[in-house]
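# Fold and geometry: a report
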Amino acid sequence: MNICEVAKKALEEDKCIREKPYKVKVKLVKGDTGILMRLDGSHPVKGWQPTARELISESWEVME
């Protein structure tokens, strides 16, 4: 899925997104920057902003 589709679904379901095959996920927050963290939820860092490559990628998925 592209980032727009997966972001809408994740916000509706209050879940995170991830770009395969990377070992990190992002918690999206309405009206704010996202929170980047490891897949297990550890080491959260606020302020994630996607790169141009991430914006055009079709490898995004919704996850817990």
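Look a little higher up for the structure.
Residues numbered from 1 in each chain as written. Predicted model: local features only at pLDDT ≥ 70, side-chain atom pairs only at ≥ 80, totals over all residues. Heavy atoms only, no water.

## Examining the environment of Ile 3
The residue Ile 3 is located in helix α1 (residues 3-13) in this model. Given a relative accessible area of 12%, Ile 3 falls into the buried group. Considered as a pair, Ile 3 and Ser 59 are 56 residues apart in the sequence and their alpha carbons are 8.2 Å apart. When neighbours within four sequence positions are excluded, Ile 3 is seen to be in contact with Ile 17, Trp 48, Pro 50, Glu 54, Leu 55, Ser 57 and Trp 60. (Helix = DSSP H or I, 4+ residues; strand = E, 2+ residues; numbered from the N terminus. Buried < 20%, exposed > 50% of the residue type's maximum accessible area, 1.4 Å probe, protein only. Contact = heavy atoms within 4.5 Å.)

## Some thoughts on the packing of aromatic side chains
Scanning the model with the defined rule gives one aromatic pair in all. Considering the side-chain rings of Trp 48 and Trp 60, the 6.1 Å spacing of their centres and the 65° angle between planes classify their relative orientation as edge-to-face. With Trp 48 in strand β4 (residues 45-48) and Trp 60 in strand β5 (residues 60-63), the pair connects residues that are twelve residues apart, well separated along the chain. On the basis of relative accessibility, which here comes to 12%, the residue Trp 48 falls in the buried class. A residue is classified by how much of its surface remains accessible, and Trp 60, at 4% relative accessible area, is buried. (Phe/Tyr/Trp six-rings, centres within 6.5 Å; stacked < 30°, edge-to-face > 60°.)

## Points about the sheet that holds strand β2 (residues 24-27)
As a general point, the strands of a sheet are linked pairwise by backbone hydrogen bonds and lie either parallel or antiparallel. Pairing in this open sheet of five strands is antiparallel, and the strands run β4-β3-β2-β1-β5 from one edge to the other. The outermost strands of the open sheet, each flanked by one partner alone, are β4 and β5. Strand-to-strand twist across the sheet, computed as the mean angle between neighbouring axes with direction ignored, equals 40°. With two bridges joining them, strand β1 (residues 16-19) and β2 adopt antiparallel strand pairing. When the bridges of β2 are listed, Ile 17 appears paired with Val 26. Those strands touched by α1 are β1, β4 and β5, and its axis lies near 5° from that of β5. (Pairing = 2+ DSSP bridges. Axes fitted to C-alpha atoms, helices over the stretch in contact; angles between N-to-C directions.)

## Let's talk about the side chain of Lys 27
Structurally, Lys 27 is set in strand β2. Only 2.6 Å separates the side chain of Lys 27 from the side chain of Asp 14, close enough to count as a polar contact. (Polar contact = N/O pair within 3.5 Å; in protein donor to acceptor, adjacent residues only side chain to side chain.)

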